[in-house]
Amino acid sequence: MKLPIRLLATTLLLAAAPAFAQGLTTVTIGWGAYPDVPQLAQASDKGLWAAEKIEAKIIPFASGRQGFEALIGGQLDYAIMAEFPAVTGVMRNQKFSVVAVLSQYKSFRLITKGDKAPAGLAALAGKKIAMPLGTNVHFAIATALEKAGVNAELVNVPPPEMIPALTRGDVDAIVPFPSAYQKAKSVLGAQYQEVRMPDYSSSFVLAASEKATANPAMTQRVLAALLKGEALVKANATESQEATARYVGGATTLDAVRAAWPEYEYRIKLDQNMLDTMVKEGQWLRAKGLIKEGDPTPALYRKWLAPEPLKALDPSRVTLAP
């Protein structure tokens, strides 16, 4: 995988300068290098890690699922991802914990090609809709269609092939990950059309490895740096957008960061809504036969949440039911 220039340079610099890191504890964090978590971009752009005696090595991954697999495999201390890989990980009894929600995305969409936008999901009845099987966007479109009483053919298409499939006319619509929206607009031009799915929002979570879970003091230091980054995001959105675009390098553009900014909530927390969403997604996975392990109950998912580090920093940010 080709790394964004800034991330590659940062990785090489950190690897080559152990003398500079004396007295710092190294932690590895997997991240998709997208504007989902500007708190982390600010922490790295402004050197906020050092105040917490951390040397943070940010490792880019093409998807949250890949980062999660690296976390489970012991290659990372922490991973940032949408909650869906964690949902499956809990059901498979994998060793990790969720320590915080870093942001929420609230503007998922279905994309079509044509001269005018479809008149809602009802216009997709009987059509072929591409999405990656067993992901949060699969959950989003399947539950949206069910709620609307619409029958459509859901087709499993890998993310890199979705826009070409729509362009060629192999499918009538696609439901890609948000990181692909700008590319779809660029490729389709005036033919780009969309339908919003406002009933679903995804949480971007910070997951800790088994080793990191056993070290809540370290997690608390990581979260402390991210909370300082959040304060910068709140104080100056324009500068934070610029910092995020600088940090992710070629992964996205400043214009794309600015366009997506209002579609996120950037607040670190661990809340009941996220837990409820994970339970619903787990129950859906079981009902569809996509995962057969585990019993997706609130009690099961609650065992995988580790609120203590965030609660020690700011109790108001943890709002889980007893």
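Above: the structure in question.
Rules used throughout
Residues numbered from 1 in each chain as written. Predicted model: local features only at pLDDT ≥ 70, side-chain atom pairs only at ≥ 80, totals over all residues. Heavy atoms only, no water. Helix = DSSP H or I, 4+ residues; strand = E, 2+ residues; numbered from the N terminus. Contact = heavy atoms within 4.5 Å. Buried < 20%, exposed > 50% of the residue type's maximum accessible area, 1.4 Å probe, protein only. Pairing = 2+ DSSP bridges. Axes fitted to C-alpha atoms, helices over the stretch in contact; angles between N-to-C directions.

Caption draft 1: Quick peek at the side chain of Thr112. If you trace the backbone, Thr112 turns up in strand β5 (residues 109-113). Once residues within four sequence positions are removed from consideration, Thr112 is found in contact with Pro118, Leu124, Leu166, Asp172, Ala173, Leu188, Gln191, Tyr192 and Gln193.

Caption draft 2: Expanded view of helix α4 (residues 83-91). Here α4 lies mainly inside the structure; 9 of its 9 residues are buried. If you check which residues of α4 are buried, you get Glu83, Phe84, Pro85, Ala86, Val87, Thr88, Gly89, Val90 and Met91. In the stretch just after α4, Asn93 is the one whose phi turns positive, near 60 degrees.

Caption draft 3: Focus on the pairing of strand β3 (residues 78-82). Taking burial as the measure, the 5 residues of β3 include 5 buried ones, the bulk of the element. Bridging between strand β1 (residues 25-31) and β3 involves 2 bridges; their strand directions are parallel. Within β3, the residue paired with Gly30 across the bridge is Ala79. As defined by bridge partners, β3 adjoins strand β10 (residues 202-209) across 5 bridges and the pair is classed as antiparallel. When the sheet's bridge partners are listed, Ile80 is paired in β10 with Leu206.

Caption draft 4: Up close: the sheet that holds strand β7 (residues 153-156). The 5 strands lie next to each other as β7-β6-β8-β5-β9, forming an open sheet whose pairing is mixed. Only two strands of the sheet have a single partner each, and these edge strands are β7 and β9 (192-196). Judged from the 2 bridges that link them, β5 and strand β8 (residues 173-174) form a sheet pairing that is antiparallel. Residue pairing across strands places Thr112 opposite Ala173, the latter belonging to β8. Across the face of the sheet, helix α7 (residues 181-188) comes into contact with β5 and β9 while running at roughly 15 degrees to β5.

Caption draft 5: Structural context of the environment of Gln241. Note that Gln241 resides in helix α10 (residues 237-248). Distance in space between the C-alpha atoms of Gln241 and Pro38 is 7.7 Å, their sequence separation being 203 residues. Non-local contacts of Gln241, meaning those with residues more than four positions away in its chain, are made with Leu254, Val257, Arg258 and Trp261.

Caption draft 6: Layout of the sheet that holds strand β2 (residues 54-60). Ordered in space as β2-β1-β3-β10-β4-β11, the 6 strands form an open sheet in which the pairing is mixed. On the outer flanks of this sheet lie β2 and β11 (264-265), each paired with one strand and no other. With 2 bridges joining them, strand β4 (residues 96-105) and β11 adopt antiparallel strand pairing. Following the sheet pairing, Gln104 is matched in β11 by Glu265. Sitting on the sheet, helix α2 (residues 38-45) is in contact with β1, β2, β3 and β4, with an inclination near 140 degrees to β1.

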